[in-house]
Amino acid sequence: MNRMEMLKSKGKKIVIYLMAGDPGIKETEDLIITLARSGVSLVELGIPFSDPIADGIVIQKAGERALNRGVTVKDCLDIVKRVREKGIEIPIAAMTYYNLIYHFGPEKFVDSALKAGLDGAIIPDLPFDEEPKFYSYAKKRGFNLVYLAAPSNTRERAKKIVEKSSGFVYYILQKGVTGSTKSSIVGFELLKYLKKLSKLPVFAGFGISEPSQAKEILKTADGVIIGSAFVSLCEKYGRNKSILLKKAEMFVKKFLNV
Amino acid sequence: MRIPDNKGFFGDFGGKFAPETLRALLDDLERNYEKAKKDPSFKREFDYYLKFYVGRPSPLYFAGKLSKRFGAKIYLKREDLNHTGAHKINNTIGQILLAKRMGKKRIIAETGAGQHGVATATVAALFNCECDVYMGEEDIKRQSLNVFRMELLGARVIPVTSGSKTLKDALNEATRDWLKNVDNTFYIIGTVSGFHPYPMMVRDFQSVIGKEARKQILEAEGRLPDYLVACVGGGSNAMGLFYPFINDKNVKLIGVEAGGLGLKTGKHAASIVNNEVGILHGAKTYVLQTEHGQITETHSVSAGLDYPGVGPELSYLSKTKRARFDAITDKEALEGFKMMCREEGIIPALESSHACAYLEKMKLKKKDIVIVNVSGRGDKDINTVYSLIKGGK
């Protein structure tokens with residue numbers, strides 16, 4: 001079954017990004033379970049990469065912490081496998097950079113990911129028109145590749161992104177990297193255009209840290225993606241798992257209640 | 001076959017593995033570059049600055065003592081005599097002229113050894129642009145003289161503290177800056193790496209080296225050389241020298257990578273010799289990485305070669321066997337450095353010393369003609385060399 005289909009149901013969606021292995025593998029598993037039970041619609045599981053060019057400092061540092069603990073692609077797939085074994089059914093998509101997938105073996109990655117229970121991947125440095133073989137293989141196997149659209153995209157390119165994307169469309173709300181502090185969210189016009197074009201849900205991310213921002217964006221988008229703000233929480237409370245899980249639950253609640 | 005193809009691929013290598021935010025900008029850059037290339041006034045302006053500001057053509061010097069030592073005819077392409085002391089200025093002139101045409105007033109760059117940073121700061125000063133240069137903290141320490149030069153030229157040097165604190169991390173930070181300031185900022189990439197069209201564009205700007213060398217050797221010897229030798233970090237001086245000779249199949253192209261402490265130690269920067277494909281900084285190319293696909297921290301005595309990737313066109317030349325690649329260790333490079341000082345009275349950059357040192361490894365015949373690219377001068381490396389020689393490190 002394609003769990004990503006669940007995203008098409010009515011209602012505003014909250015998506016949370018967390019870095020696999022930060023603060024630890026076991027904590028990541030428990031966090032995913034907590035997030036799923038708290039009402040999150042999709043979990044984006046960051047696979048740490050040494051050179052994350054599209055990420056801001058908060059996620060970069062989380063990646064460094066995870067890499068210092070030796071977290072690998074296989075570890076991340078194992079996390080997914082274990083949470084599936086525990087009955088978690090919300091969609092989970094990996095977010096990582098293409099070198100890791102290429103190195104793992106693109107087809108092997110798709111097969112192993114599906115076997116583990118991962119539903120798709122978001123790869124910021126892999127536009128839909130690079131690596132057509134990988135694209136075809138993922139499509140054939142029903143592995144969702146979620147493409148990102150940016151405010152700077154032309155309408156023509158945005159249209160292609162929507163056509164090629166599966167699961168959902170990821171709209172980047174601002175110029176810059178994840179968690180940018182600039183307060184101005186840009187490109188509502190293109191977001192509206194994507195909404196009009198897309199049969200898939202359109203989720204917006206990059207720079208959302210407050211429920212008030214989410215409320216505003218949810219007037220247009222089908223869902224919001226929160227990354228750095230949640231990763232900061234993991235950094236702050238990572239030493240004490242029970243507090244971290246409690247804080248994670250409260251964090252999600254704040255966003256769900258907007 | 002057009003190289004690169006319209007997607008920026010040199011055979012299996014290259015591409016535009018770029019975040020979507022950059023896409024429009026890269027497409028725009030590509031269009032503007034194609035337009036500029038066809039515009040005679042762009043070429044005229046580029047040639048003007050190369051001649052009267054950079055001081056081109058750089059001499060092709062017959063190195064008599066080296067020739068005697070190695071029993072062949074050795075010529076040195078003297079890029080070290082360019083304004084700012086390295087080949088880097090050729091490319092920055094080209095890119096700043098393009099930035100000017102595109103109406104961009106803010107320039108960013110990344111630098112390892114500082115030569116590209118100095119060249120960028122120079123052209124930014126010349127054309128009244130604001131300039132921020134990203135440089136790894138580790139490189140700032142070993143290239144303090146170049147940091148000071150950039151500051152004198154009015155650039156801001158931004159230390160990069162992430163990762164290995166060297167060139168690759170400076171590239172990451174510059175890319176992040178670009179993502180944020182995509183509207184007003186032109187990113188002058190210093191080598192033949194990165195997203196398409198950079199590898200092609202930098203190659204074209206640097207190919208002035210090979211064009212001149214070709215003409216000069218024909219004048220001097222009446223025939224083409226047997227060998228071209230150049231060091232390879234990202235590979236811009238090598239591509240610049242090689243490119244105009246690509247179709248001359250009898251001219252052997254040799255790229256010399258940084259062997260660091262030795263290939264077996266894992267502490268090196270020889271990505272082509274290591275022969276593993278990956279995706280780094282927007283291009284598919286040979287990349288040094290761990291068994292899990294994480295980009296490796298590299299080592300080289302020369303900050304300019306200390307980079308885990310290489311330009312995609314060089315990967316292509318290696319795979320198609322048009323060029324041959326080998327590695328020279330830190331120790332051998334230092335010997336090359338000393339040899340150049342004593343034999344020819346030239347203090348070469350540690351990068352260039354790798355190419356010079358390779359002469360020792362070549363089995364040359366008397367009739368052989370070799371051109372070695374002296375890509376830059378060694379003033380910036382004096383502190384490093386001092387501590388290696390005097391400190392006995």
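Structure's up top.
What comes next concerns the included structure. (Residues numbered from 1 in each chain as written. Chains lettered and ligands numbered in written order. Predicted model: local features only at pLDDT ≥ 70, side-chain atom pairs only at ≥ 80, totals over all residues. Heavy atoms only, no water.)

## A few points about the nonpolar core
With 195 residues, the main nonpolar core has A:Phe109, A:Phe168, A:Phe230 and B:Leu314 as its most contacted residues. Excluding residues that lie within four positions of it along the chain, A:Phe109 makes contacts with A:Ile47, A:Val73, A:Leu77, A:Ile101, A:Phe104, A:Leu118, A:Ala121 and A:Phe143. Core analysis: the second largest hydrophobic core is formed by 29 residues, B:Val229, B:Ala258, B:Ala357 and B:Leu359 among them. (Core = buried A, V, L, I, M, F, W, Y, C linked by side-chain atoms within 4.5 Å. Buried < 20%, exposed > 50% of the residue type's maximum accessible area, 1.4 Å probe, protein only. Contact = heavy atoms within 4.5 Å.)

## Describing the pattern of salt bridges
Where charged atoms from two side chains of opposite charge approach closely, those side chains can pair. Within this structure, the stated rule accounts for 57 salt bridges over all chains. Taking the shortest distance from any N to any O, the salt bridge between B:Asp169 and B:Lys168 comes out at 3.4 Å. Summarising the burial analysis for this pair, B:Asp169 and B:Lys168 share the class buried. Linking B:Glu173 and B:Arg176 is a salt bridge whose minimum nitrogen-to-oxygen distance equals 2.6 Å. A residue pair is termed a helical-turn pair when its members lie 3 or 4 positions apart in one helix, as B:Glu173 and B:Arg176 do in helix α8 (residues 167-180) at three residues. Side by side, B:Glu173 and B:Arg176 carry an identical accessibility label, which is buried. Each of A:Asp129, A:Arg157, B:Lys16, B:Glu20, B:Arg23, B:Asp27 and B:Glu30 takes part in a single network of salt bridges with overlapping partners. (Salt bridge = Lys/Arg side-chain N within 4 Å of Asp/Glu carboxyl O. Helix = DSSP H or I, 4+ residues; strand = E, 2+ residues; numbered from the N terminus.)

## Re the sheet that holds strand β5 (residues 106-111) of chain B
Residue and element names in this part refer to chain B. Spatial ordering of the open sheet is given by β7-β6-β5-β8, a layout of four strands whose pairing is parallel. Each edge of the open sheet carries a strand with a single partner, namely β7 (156-160) and β8 (185-188). Taking each pair of neighbouring strands and ignoring which way they run, the sheet shows an average axis angle of 25°. Here strand β6 (residues 130-136) pairs with β7 via five bridges, running parallel. Residue Met135 lies in a different strand from β7, and its bridge partner there is Pro159. In the packing of α8 onto the sheet, contacts are made with β5, β6, β7 and β8, and the angle to β5 comes to roughly 160°. (Pairing = 2+ DSSP bridges. Axes fitted to C-alpha atoms, helices over the stretch in contact; angles between N-to-C directions.)

## Things to note about the packing of aromatic side chains
As enumerated under the stated definition, the model contains 26 aromatic pairs over all chains in all. The interplanar angle of 90° and the centroid separation of 6.0 Å between the aromatic rings of A:Phe104 and A:Phe109 together place this pair among those described as edge-to-face. Each member of the pair, A:Phe104 as well as A:Phe109, carries the same accessibility label: buried. For the ring pair B:Phe46 and B:Phe205, a centre distance of 5.2 Å and an interplane angle of 50° mean the geometry is tilted. Pair noted here: B:Phe46 is in helix α2 (residues 40-54) and B:Phe205 is in helix α9 (residues 198-206), with a separation of 159 residues, a long-range link. (Phe/Tyr/Trp six-rings, centres within 6.5 Å; stacked < 30°, edge-to-face > 60°.)

## Notes on the sheet that holds strand β7 (residues 169-172) of chain A
All names here are of chain A. Read from one edge of the open sheet, nine strands run β5-β4-β3-β2-β1-β9-β8-β7-β6, paired in parallel fashion. Single-partner strands in this sheet number two, and they are β5 (144-146) and β6 (148-149). Taken together, the four bridges between β7 and strand β8 (residues 202-205) define a ladder with parallel strand orientation. In the strand pairing of β8, Tyr171 is matched with Ala204. Helix-sheet contacts for helix α10 (residues 228-237) involve β1 (13-19) and β9 (223-226), and the interaxial angle to β1 is about 50°.

## Focus: helix α1 (residues 20-38) of chain B
With 19 residues, α1(B) extends 28 Å from end C-alpha to end C-alpha; this agrees with the ideal 27 Å at 1.5 Å per step. What α1(B) keeps buried is the set B:Glu20, B:Thr21, B:Leu22, B:Arg23, B:Leu25, B:Leu26, B:Leu29, B:Glu30, B:Asn32, B:Tyr33 and B:Ala36. (Expected span 1.5 Å × (residues − 1).)

## So, empty space enclosed by the protein
All names here are of chain B. According to the stated counting rule, one finds eight cavities of 30 Å³ or more in the structure shown. Estimates place the volume of the largest cavity at around 320 Å³. What lines the largest cavity is a set of 29 residues, and nearest its centre among them are His87, Lys88, Ser236, Gly304 and Glu351. Looking at the lining of the largest cavity, the elements that each hand over two or more residues are β5, α5 (115-126), β9 (227-232), α11 (236-242) and α15 (350-357). (1 Å grid on protein atoms, 1.4 Å probe; cavity = no way out; pocket = protein on both sides within 12 Å on 5 of 7 lines; lining within 4 Å. Points joined across faces, edges and corners; volume = space filled by probe spheres on them.)

## Points about unusual backbone geometry
Residue A:Pro23 follows A:Asp22 across a cis peptide bond; omega there is 5°. Following the sequence through the fold, A:Pro23 ends up in the loop between β1 and α1 (25-38). A cis amide bond links B:Arg56 to the next residue, B:Pro57, at an omega of 0°. Looking at the element boundaries, B:Pro57 is found in the loop between α2 and β3 (60-62). Even without being a glycine, A:Glu131 presents a positive backbone phi close to 50°. Within the secondary structure layout, A:Glu131 lies in the loop between β4 (120-122) and α6 (132-141). Its relative accessible area of 13% is what places A:Glu131 among the buried residues. Positive phi, close to 65°, is recorded for B:Lys321, a residue that is not glycine. One can find B:Lys321 in the loop between α13 (312-319) and β13 (323-329).

## Notes on the interface of chain B and chain A
Residue-level contacts link 39 residues of chain B with 35 residues of chain A. In this assembly, chain B packs against chain A so that about 3100 Å² is buried in total across both faces, 50% of it on carbon and sulfur atoms. Of all residues in chain B, the largest losses of buried area upon contact with chain A belong to B:Glu20, B:Arg176 and B:Gln294, amounting jointly to 22% of the total for that side. Remark: the boundary between chain B and chain A carries five salt bridges. For B:Arg23, the salt bridge goes to A:Asp129, with nearest N and O atoms at 3.3 Å. (Buried area = accessible area lost by both parts, 1.4 Å probe.)

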